[in-house]
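Structural overview
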2 protein chains.
Amino acid sequence: MIRLPMMAALVATLFTAPSAQARDNENEAVTHFTLDNGMEVVVVEDHRAPVVQQMVWYRAGSADEPKGSSGVAHFLEHLLFKATDKLESGEFSATVAANGGRDNAFTSYDYTAYFQRVAADRLGLMMEMEADRMKNIRLTPENIETERDVILEERNQRTENNPAALFSEQLNAAQYLNHRYGVPIIGWKHEMEELDLEDALSFYELYYSPNNAILVVSGDVMPEDVRELAEATYGQIPANPELPERLRTAEPPQIAERRLIYKDARVAQPYVRRSYLAQERDSGAQEGAAALLLLSELLGGGTTSYLAEKLQFDEQIANYTGAFYKADTLDDTTFDVVVLPVPGVSLQQAEEALDEVLVQFMEAGVDPEHLERLKAQLRADQIYARDDADRVANRYGSALAIGLTVQDVQDWPDVLQAVTAEDIMQAARTLFDKRASVTGWLMKEDAQ
Amino acid sequence: MIRLPMMAALVATLFTAPSAQARDNENEAVTHFTLDNGMEVVVVEDHRAPVVQQMVWYRAGSADEPKGSSGVAHFLEHLLFKATDKLESGEFSATVAANGGRDNAFTSYDYTAYFQRVAADRLGLMMEMEADRMKNIRLTPENIETERDVILEERNQRTENNPAALFSEQLNAAQYLNHRYGVPIIGWKHEMEELDLEDALSFYELYYSPNNAILVVSGDVMPEDVRELAEATYGQIPANPELPERLRTAEPPQIAERRLIYKDARVAQPYVRRSYLAQERDSGAQEGAAALLLLSELLGGGTTSYLAEKLQFDEQIANYTGAFYKADTLDDTTFDVVVLPVPGVSLQQAEEALDEVLVQFMEAGVDPEHLERLKAQLRADQIYARDDADRVANRYGSALAIGLTVQDVQDWPDVLQAVTAEDIMQAARTLFDKRASVTGWLMKEDAQ
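The notes below deal with the structure included here. (Residues numbered from 1 in each chain as written. Chains lettered and ligands numbered in written order. Predicted model: local features only at pLDDT ≥ 70, side-chain atom pairs only at ≥ 80, totals over all residues.)

Focus: the overall build of chain A
Tallying secondary structure elements over chain A gives 16 helices and 11 strands in all. Computed over its C-alpha atoms, the radius of gyration of chain A comes to 22 Å, within 12% of the 22 Å expected for a compact globule of 448 residues. Taking the principal axes of the C-alpha coordinates as reference, chain A spans close to 65 × 50 × 40 Å. The proportion of buried residues among the 448 residues of chain A is 52%. (Helix = DSSP H or I, 4+ residues; strand = E, 2+ residues; numbered from the N terminus. Rg over C-alpha atoms; globule rule 2.2 N^0.38 Å. Buried ≥ 20, exposed ≤ 12 C-beta atoms within 10 Å, placed from the backbone.)

Examining the packing of helix 10 (residues 287–300) of chain A against helix 16 (residues 421–431) of chain A
Residue and element names in this part refer to chain A. Contact geometry for helix 10 and helix 16: axes closest at 8 Å, N-to-C directions at 90°. In terms of axis orientation, helix 10 runs roughly perpendicular to helix 16. Residues Glu287, Gly288, Ala291, Leu292, Leu294, Leu295 and Leu298 of helix 10 touch helix 16, and the partners they reach there are Asp423, Ile424, Ala427, Ala428 and Leu431. For the contact of helix 10 with helix 16, the per-class residue count stands at nine nonpolar, one polar and two charged. (Axes fitted to C-alpha atoms, helices over the stretch in contact; angles between N-to-C directions. Parallel < 35°, antiparallel > 145°, perpendicular 65-115°, else oblique. Contact = placed C-beta atoms within 7 Å. Nonpolar A, V, L, I, M, F, W, Y, C, P; charged D, E, K, R; others polar.)

Considerations on the environment of glutamate 351 of chain B
Along the chain, glutamate 351 of chain B falls in helix 12 (residues 347–364). Between the C-alpha atom of glutamate 351 of chain B and that of tyrosine 271 of chain B, which follows or precedes it by 80 residues, the distance is 9.2 Å.

Thoughts on the sheet that holds strand 11 (residues 437–444) of chain A
Pairing within the open sheet is mixed, and its 10 strands lie in the order 9(A)-10(A)-8(A)-11(A)-7(A)-7(B)-11(B)-8(B)-10(B)-9(B). Both edges of this open sheet fall to strand 9 (318–325) of chain A together with strand 9 (318–325) of chain B, since each of them pairs with a single strand only. Sheet twist, expressed as the average angle between the axes of neighbouring strands with direction ignored, equals 15°. When strand 8 (residues 271–278) of chain A meets strand 10 (residues 333–341) of chain A, the two strands line up antiparallel, connected through seven bridges. Each bridged residue has a counterpart across the sheet, and for arginine 274 of chain A the counterpart in strand 10 of chain A is valine 337 of chain A. Packing against the sheet, helix 6 (residues 163–175) of chain A makes contact with strand 7 (256–264), strand 8, strand 10 and strand 11 of chain A together with strand 7 (256–264) of chain B, and its axis sits at approximately 160° to strand 7 of chain A. Its contacts with the sheet put helix 11 (residues 306–314) of chain A on strand 9 and strand 10 of chain A, and the angle it makes with strand 9 of chain A is roughly 165°. (Pairing = 2+ DSSP bridges.)

Description of the packing of helix 11 (residues 306–314) of chain B against helix 12 of chain B
All names here are of chain B. Running from N to C, helix 11 and helix 12 cross one another at 135°; their axes reach a closest spacing of 10 Å. Compared by their axis directions, helix 11 and helix 12 come out oblique. Relative to helix 12, helix 11 is oriented so that their crossing is right-handed. Facing Tyr306, Leu307, Lys310 and Leu311 of helix 11, the residues of helix 12 in contact are Ala353, Val357 and Phe361. (Left-handed = near helix turned anticlockwise from the far one by under 90°.)

Thoughts on the interface of chain B and chain A
Across the boundary between the two partners, chain B contributes 25 residues, which contact 25 residues of chain A. Among the elements that line the side of chain B that touches chain A, the one with the most residues is strand 7 of chain B, at seven residues. Here the side of chain B that touches chain A is composed, by residue class, of 15 nonpolar, five polar and five charged. When strand 7 of chain A meets strand 7 of chain B, the two strands line up antiparallel, connected through seven bridges. Looking across to strand 7 of chain B, one finds that arginine 258 of chain A is bridged to leucine 260 of chain B.

Structural notes on the sheet that holds strand 2 (residues 40–45) of chain B
Residue and element names in this part refer to chain B. With mixed pairing, the six strands of this open sheet are ordered in space as 1-2-6-3-5-4. Looking along the sheet, the strands with just one partner apiece sit at the ends: strand 1 (30–34) and strand 4 (102–107). Neighbouring strand axes in the sheet, compared pairwise and without regard to direction, differ in orientation by 15° on average. In the packing of helix 2 (residues 72–79) onto the sheet, contacts are made with strand 4 and strand 5 (112–119), and the angle to strand 4 comes to roughly 165°.

The analysis is restricted to geometry; functional conclusions fall outside its scope.
And the structure:
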């Protein structure tokens with residue numbers, strides 16, 4: 001089974017402007033409660049079609065792995081499709097399919113999530129199966145061997161065969177001096193090769209329990225029905241009293257500007273990518289992240305952005321420019337800018353042009369009209385997004401998994417709308433500190 | 001109490017050509033045996049003066065620390081001078097002093113070592129006390145608070161107030177993508193601030209046991225007397241059956257050349273330092289390390305070296321040049337080259353000149369006369385070093401702590417003498433791969 005969404009989710013995080021919830025929360029029927037064993041439940045009602053999506057999010061991702069076992073969070077995600085006390089290996093997904101549904105899972109730095117989309121009347125069965133594999137997986141040495149080959153092949157396809165992915169790994173490793181965000185989600189190959197049954201089970205036993213999980217159900221359901229089903233399934237599993245606090249190693253002060261060059265014969269389009277260490281969304285204090293999100297849109301969000309206007313249209317030295325900010329992380333995140341030069345323009349020239357444009361931007365300040373347009377766009381996106389209950393579900397699940405609250409999710413659209421030009425410039429002044437940055441060049445093997 | 005040697009030992013490792021044992025081992029009276037509980041013992045006889053040095057080396061250094069607790073190995077080293085079941089806090093060193101001796105300790109990436117130098121007839125007392133604190137330390141919350149302030153102040157003095165040390169930390173962090181050698185021995189400040197009693201005790205209980213220790217006694221002693229005393233003291237402590245294998249995270253392939261710039265107003269002398277990932281001494285296979293050691297001497301070992309001749313004397317663009325290779329580590333180490341330009345020469349120019357000289361060296365190859373001179377010098381050093389029993393003791397202790405054997409130590413001088421010019425060029429070709437390197441510029445705040 002190919003667990004496709006892992007990297008896809010990451011790319012989506014990196015390249016999509018996060019959608020946010022409509023300001024009018026009455027239109028978004030969200031109910032939130034907690035079972036006695038500590039499992040949080042979020043229900044997003046959408047009665048337009050008789051379908052339902054169940055997601056279970058564990059507050060355990062690659063950044064929670066013990067040292068030396070990189071990739072075990074994602075490995076375990078694969079292994080959850082093997083046998084349990086009640087199901088044969090593969091029977092989980094086969095049952096979902098036999099019921100006309102589809103299922104999958106994904107792993108990120110901060111969480112691992114499992115989901116199924118089925119006809120609404122099959123929700124109880126889905127919960128029963130998902131609750132079963134929260135505690136009762138039965139792994140064999142053969143499972144380990146087979147599935148380790150699968151994840152290694154996944155790494156081969158997505159990373160080893162992809163110069164941009166290799167470049168990105170080395171860049172992240174240089175960005176983080178001490179924090180596990182510097183280690184790839186899929187794992188370092190040499191550590192993946194050593195993952196064994198014990199690694200997988202100890203991660204499972206440590207982190208897979210109702211008091212470390214969030215259930216999100218979206219679609220044609222009533223909250224009271226979800227509660228009843230949840231109590232009958234997940235509610236029967238005792239909380240794990242040994243659940244550890246999340247141990248995340250923090251960064252020391254980043255005081256030395258870093259650069260790196262990765263050369264690879266397979267590179268078709270060389271580019272410059274700079275990543276800055278940046279604050280993330282914090283519960284009750286999302287203003288800084290909101291300002292950075294708008295900054296990324298102003299600078300590099302499409303063809304009307306500052307970078308595009310200057311480098312693609314005025315100077316015509318770039319084929320593509322962009323700015324990416326991942327707001328939704330538990331710990332300090334990154335803000336990236338990218339320039340793909342046109343043929344004949346060197347990476348040195350591209351980088352110098354980028355630096356010049358950043359200086360110009362800091363001098364010129366935020367164009368109030370541009371900011372208003374972006375806010376209107378965000379508001380429209382949010383209203384549109386409301387229509388997709390699964391996206392809403394996803395937003396709540398990931399937010400709760402990274403330490404935000406339901407209130408934070410509901411405040412976020414207003415926080416974004418309240419950002420001022422001065423807030424953005426203030427955030428930019430803090431952000432653009434080269435001492436906390438890595439500038440990477442991705443080059444063709446024999447380039448300049 | 002200031003535990004001075006920690007950084008001093010490190011600097012010594014970096015800036016001193018490792019001495020090696022004389023070829024004529026008959027002149028070096030070394031006895032090696034193992035107690036029933038697994039504690040290794042090395043005795044180095046030297047009967048010229050009635051003094052003795054005891055060292056106990058634990059195979060536990062900063063690179064063995066759990067994530068998030070950097071500095072705990074060194075912190076624990078300090079705490080071993082507090083109370084035990086039998087001694088008051090501070091009584092250990094006071095007793096050594098009252099007996100006319102001196103004592104201290106030091107921590108490195110791969111080990112922590114404690115030593116006392118006293119009159120030969122006090123050895124039994126020293127062993128009794130050292131064996132006592134292997135198992136019986138009694139720490140109070142006040143010890144933790146006080147000693148944490150001491151190590152923080154130590155970090156302040158040696159690192160925070162020293163731009164070259166800060167630069168070195170950032171450079172190491174960029175060199176290692178996954179291995180703990182990228183974390184400073186003394187610890188990241190923010191993690192040191194959080195070290196507590198439990199961190200210290202769990203490191204102590206995990207690693208401090210006779211089967212993880214090496215006793216080295218040098219001076220006016222007979223091996224049978226040392227064995228008797230050791231059996232009566234350390235021999236009474238049971239082996240720890242839970243002693244874990246050393247879990248060291250390995251590096252992924254280093255495929256992207258890195259650079260960094262650290263600017264600091266306090267920098268008086270800017271310089272360029274490049275560090276390459278390099279193989280270390282491996283048991284039974286020391287040839288590669290021997291070739292690198294000679295390479296470092298050829299390139300940057302003093303005023304007759306290749307770098308000095310070209311950059312200090314011919315071109316006169318450098319005040320100082322050097323090459324440093326730390327052969328004595330458990331895992332992959334570094335090989336560093338340094339150029340301090342004369343006033344008026346930029347770091348850019350200095351680096352370009354360095355690169356040019358390296359190319360010239362690779363083309364010119366090893367000057368056979370230069371190599372012969374170096375080997376003769378090493379041989380002389382080794383014969384001279386034999387006279388210092390404590391240095392011999394140190395060499396055996398550190399070697400055994402990093403996975404080498406007594407045989408490896410005794411072979412090392414011959415391995416060094418057997419290195420050929422072609423071995424060195426072969427080692428250099430493997431070493432000088434910029435993809436596994438970091439080039440750092442240490443600059444004055446407002447420099448170019």
